[in-house]
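Here is what each chain is made of, one letter per residue.
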Amino acid sequence: MASLQCIIRENGDSPELFGFENILKDIVDAIERPDLDSKSNIAIIAEPFSGRSELLYKISELYRERDTKIFFRRLVNDDNFMETLEKSGDIVLVDNCQDLFSRKIGGFEKLDVFLNTVASSNKLFITTWNQFSWNYLRFMYPLETIFPVRIELPRLGPVELKKMVMANCEWQMTFAEDVVTKNVPCFEFSEFPLVLPIIKKTFSVLIPRIDYFALKCHFQAKIWPTKQKDATSVEDRVFQRLKDVSEGNPGVAQAIWKRSIHSVEGAIKPEDIIKPQYKIDINYGQAYLLYIILCMECIGIEELKGIDPNANVNRSVYDLERNGLISVENGLLSIVPEALHSIESYLKSMRLVW
Amino acid sequence: MASVDVISGLFQIINPPTILSSLAVLLLAYAAGRITTYVLTGLSEWNVLNVFGLNRITVKMMIPLLKFTFYFAGLYYILAAILNIASDQLVLFSGLFGAGLGFGLQGLFADVVGGLLTIMERPYQIGDKITMGGHYGEVKDIGLRVTRLVTPDDTLVSVPNGSIFQNPVANVNAGNLEMMVMIDLFVDPNCDAILAMNILKEALVTSKYIRLSEKHPHVILMKDFPFYKRIRAKGYANDFRYEFIFETDVTTRAWQEFRRRGIMPPKIGVAEKGILNGK
């Protein structure tokens, strides 16, 4: 998905930014600081699908007259990348710096050269990094010294998400109240197999599961039935729901929105915005490959085989795809946007992300 | 005459019903301990705990505390409610207990006190990887009398708790899941040591089992010996259960790259050299 965004931008379409106005102002301030001798290279760090590339493109548009050059994924992966980089103007924009390394022996040469160039150059470097790759690399390189200005992209609120969705929508949307909310149970019981030792017998124990969204709806409807309706319109609640399920990530929100309204006929209700549930059942080796895909955002199967030569990559990729966690397109693997936060939680539980 | 009354009173209250009741209470305390161990051990293996900043050791550390609480609550109930022992009888009981200790129960007593001290001072907890009484392994249980370890070759070893008074206990992870692993590779003294260090460093940091953070740094060291150079990597395994697989992963990949880059092992092995010297 990220690479697709980049191709669109390289064709010259100007992206519209939602919610990054303050960030853009901070970056402009950093670029236009009067004491240019003490240049402050900038690292924009964010999780996948958060709009890093769009922000970088916007910056390149603002400083087009200063002979800026933006290095997208395709250029970063080019062997002549460093030569091209040296020929660019006084502001250099490099997108997806995580592509400069590969997590294997001998996979850091390009990043070494790049960081040395950034540290010794008089040019101002504005770079974007995958948050998970950054968190890994910062314990190996003095990234915080090389990039004194670090900007983490904020999560979007319902208002920004609404603007973003409306801007990309070609038809008139209508919204309606939930009609079945009251019938949705707040608690559900599922059976959990309990194996008793010694006697080696398995019993089914009922475990309660809480549907927080249904609980919230019930709570709001019962406690503040009028206040809720007065305070927020149904339209706002739809986008509040979208914000909650996407955790404010624009790419994830867009994917969930598309998936949610795909089967909707007529007006859109808050309950139509559904967070996909993933039951992830993979081993540590597969979780590690998933972590690599999360860090790199877009990676070829052959490169993945080079990173973990002892793993059965083809089978793992098949399992990950079957679980709905990744998508494979032209041999390139990437995370399914809707699954991003489920994957992150799972990798935290496996202690691969911290 | 008074002490005879006390003794006869003590024997009067120890009768079949009180013995049965006491056994029932002990059984209940034991069952409560077993159930607690089973539930908390099962709960501790849920990976989802990591999301909330907990790990299996933080859950397991409650097990011995709860078990000892059950045992002592049971003992107190037997003495106070079932046997209804008066203070002078308790003094006499203590005297008999002291005599018992003198006649050979001191080992058992030392083990129980050792167990109590282990719970209070926590030199190790359930789930830690320790060396105790010459045995290395993961602590599976801290009982009243013994601590049970599972060694890397899956042998269950029971070490008396009293051994903490005589021997030091080495705890490699001290309540954390991460564990420092030291990996030594020996290379030919004429090889490019800097290149070897760089390769080993990359093999270490690219391992799928490594933990990198401010609290978990890594380092590569080199030492020159007459017939070889020792390249040592120190890094933290993500989970101490990956200790050996982490070491294997780093060693294997490093040696593959060493050979590809012309870095060879010492020409004369240390063992062979030793044999030659012996001759």
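What counts and how
- Residues numbered from 1 in each chain as written.
- Chains lettered and ligands numbered in written order.
- Predicted model: local features only at pLDDT ≥ 70, side-chain atom pairs only at ≥ 80, totals over all residues.
- Heavy atoms only, no water.
- Contact = heavy atoms within 4.5 Å.
- Buried area = accessible area lost by both parts, 1.4 Å probe.
- Salt bridge = Lys/Arg side-chain N within 4 Å of Asp/Glu carboxyl O.
- Polar contact = N/O pair within 3.5 Å; in protein donor to acceptor, adjacent residues only side chain to side chain.
- Buried < 20%, exposed > 50% of the residue type's maximum accessible area, 1.4 Å probe, protein only.
- Helix = DSSP H or I, 4+ residues; strand = E, 2+ residues; numbered from the N terminus.
- Pairing = 2+ DSSP bridges.
- Phe/Tyr/Trp six-rings, centres within 6.5 Å; stacked < 30°, edge-to-face > 60°.
- Lys NZ or Arg CZ within 6 Å of the ring centre and 35° of its normal.
- Right-handed = clockwise from strand over helix to strand, strands pointing away.
- pLDDT = per-residue confidence, 0-100.
- Core = buried A, V, L, I, M, F, W, Y, C linked by side-chain atoms within 4.5 Å.
- Expected span 1.5 Å × (residues − 1).
- Axes fitted to C-alpha atoms, helices over the stretch in contact; angles between N-to-C directions.
- Parallel < 35°, antiparallel > 145°, perpendicular 65-115°, else oblique.
- Left-handed = near helix turned anticlockwise from the far one by under 90°.
- Nonpolar A, V, L, I, M, F, W, Y, C, P; charged D, E, K, R; others polar.

## Some remarks on the interface of chain A and chain B
Counting residues at the interface gives 26 residues for chain A and 27 residues for chain B. With both chains or domains summed, chain A and chain B bury close to 2,400 Å², and 57% of this area falls on carbon and sulfur atoms. Of all residues in chain A, Ile 105, Tyr 284 and Arg 351 of chain A bury the most surface against chain B, accounting for 34% of the area lost on that side. With a closest N to O distance of 2.5 Å, Arg 351 of chain A and Glu 178 of chain B form a salt bridge. Inspection of the region where chain A meets chain B yields 11 residue pairs in polar contact (both at pLDDT 80 or more).

## Remarks on the pairing of strand β9 (residues 229–237) of chain B
Residue and element names in this part refer to chain B. Counting buried residues in β9 gives eight out of nine residues, a clear majority hidden from the surface. As paired strands, strand β6 (residues 179–187) and β9 are joined by nine bridges and run antiparallel to one another. The residue bridging Val 181 from the neighbouring strand is Gly 235, located in β9. Alignment of strand β7 (residues 210–211) against β9, held across two bridges, turns out to be antiparallel. By the bridge assignment for β9, Arg 211 is matched with Tyr 236. Hairpin connection from strand β8 (residues 219–224) to β9: four residues lie between these consecutive antiparallel strands.

## What to know about the environment of Met 82 of chain A
All names here are of chain A. Within the secondary structure, Met 82 is located in helix α5 (residues 81–86). The spatial distance from the C-alpha of Met 82 to the C-alpha of Val 113 is 8.2 Å, given a sequence separation of 31 residues. With residues up to four places along the chain from it excluded, the contact list for Met 82 reads Val 113, Phe 114 and Thr 117.

## Description of the sheet that holds strand β5 (residues 170–171) of chain B
Residues and elements named next belong to chain B. Read across the open sheet, the five strands follow the order β4-β3-β2-β1-β5; overall the sheet is antiparallel. In this open sheet, the two edge strands, each paired with only one partner strand, are β4 (156–160) and β5. Taken together, the two bridges between strand β1 (residues 129–132) and β5 define a ladder with antiparallel strand orientation. Its bridge partner lying in β5, Ile 130 is registered against Asn 171.

## Things to note about the packing of aromatic side chains
Describing an aromatic ring pair means giving the distance of the ring centres and the angle of the ring planes. With the rule as written, the count across this model stands at 15 aromatic pairs over all chains. When the ring of Tyr 284 of chain A is compared with that of Tyr 242 of chain B, the centres are 4.8 Å apart and the planes differ by 50°; the resulting orientation is tilted. Pair noted here: Tyr 284 of chain A is in helix α14 (residues 284–296) and Tyr 242 of chain B is in the loop between β9 and α7 (243–260), and the two residues belong to different chains. Relative to Tyr 228 of chain B, the ring of Phe 186 of chain B has its centre 5.1 Å away and its plane inclined at 85°; by these criteria the two rings are edge-to-face. Residue Phe 186 of chain B is found in strand β6, and its partner Tyr 228 of chain B is found in the loop between β8 and β9; the two are separated by 42 residues along the sequence. Using a relative accessible area of 15% as the deciding quantity, one classes Tyr 228 of chain B as buried. One aromatic cluster in this structure is built from Phe 101, Phe 108 and Tyr 136 of chain A. Sitting above the plane of the Phe 240 of chain B ring, Arg 56 of chain B keeps its charged end 4.9 Å from the centroid. Geometry around Trp 354 of chain A places Arg 211 of chain B over its ring, the cationic atom sitting 4.2 Å from the centre.

## What to know about the pairing of strand β4 (residues 124–130) of chain A
Residue and element names in this part refer to chain A. Within β4, seven of the seven residues are buried, which leaves the element mostly enclosed by the surrounding structure. Two strands pair when backbone bridges link them, and strand β1 (residues 42–46) and β4 are joined in this way by five bridges, in the parallel orientation. Following the sheet pairing, Ala 46 is matched in β4 by Asn 130. Pairing between strand β3 (residues 91–94) and β4: four bridges, direction parallel. Bridge pairing in β4 places Val 94 opposite Thr 127. Read as a crossover between parallel neighbours, the route from β3 over helix α6 (residues 109–120) to β4 is right-handed.

## A look at the confidence of the model for chain B
Residues and elements named next belong to chain B. On average, residues of chain B score 85 in pLDDT, and 90% of them reach the 70 mark or higher. Counting contacts from residues 275–279, a segment whose pLDDT is below 50, to residues more than four positions away or on other chains yields zero contacts. Interface scoring of the predicted complex returns ipTM 0.79; its pTM is 0.77.

## Considerations on the nonpolar core
In this structure, Ile 59, Phe 114, Trp 129 and Trp 257 of chain A are the most contacted members of the largest nonpolar core, which totals 131 residues. Not counting residues within four places of it along the chain, the set of residues in contact with Phe 114 of chain A comprises Phe 81, Met 82, Leu 85, Val 94, Cys 97, Leu 100, Phe 125, Thr 127 and Phe 147 of chain A. Membership of the second largest hydrophobic core comes to 13 residues, among which are Leu 40, Ile 63, Ile 126 and Leu 149 of chain B.

## Notes on helix α2 (residues 16–44) of chain B
With 29 residues, α2 of chain B should reach 42 Å at 1.5 Å per residue; the first-to-last C-alpha distance of 41 Å fits that figure. Listed as buried for α2 of chain B are Thr 18, Ser 22, Val 25, Ala 29, Gly 33, Thr 36, Thr 37, Leu 40 and Ser 44 of chain B.

## Let's talk about the packing of helix α6 (residues 193–205) of chain B against α7 of chain B
Residues and elements named next belong to chain B. Where α6 contacts α7, the axes come no closer than 9 Å and their chain directions differ by 140°. Classified by the angle their axes make, α6 and α7 are oblique. α6 and α7 meet at a crossing whose hand is right-handed. Two secondary-structure elements touch here, α6 through Ala 196, Ile 199, Leu 200, Ala 203 and Leu 204 and α7 through Phe 246, Val 250, Arg 253, Ala 254, Glu 257 and Phe 258. The class makeup of the residues in the contact of α6 with α7 is nine nonpolar, no polar and two charged.

## Some thoughts on the packing of helix α2 (residues 21–31) of chain A against helix α3 (residues 52–62) of chain A
Helix packing for two helices is described by the angle between their axes and how far apart those axes are. Residues and elements named next belong to chain A. At a minimum axis distance of 11 Å, the contact between α2 and α3 shows a crossing angle of 45°. Considering their axes alone, α2 and α3 lie oblique with respect to each other. The interaxial crossing formed by α2 with α3 has right-handed handedness. Note on element contacts: α3 touches α2 through Leu 55, Lys 58, Ile 59 and Leu 62, opposite Ile 23, Leu 24, Ile 27, Val 28 and Ile 31. Classifying every residue of the contact of α2 with α3 gives eight nonpolar, no polar and one charged.

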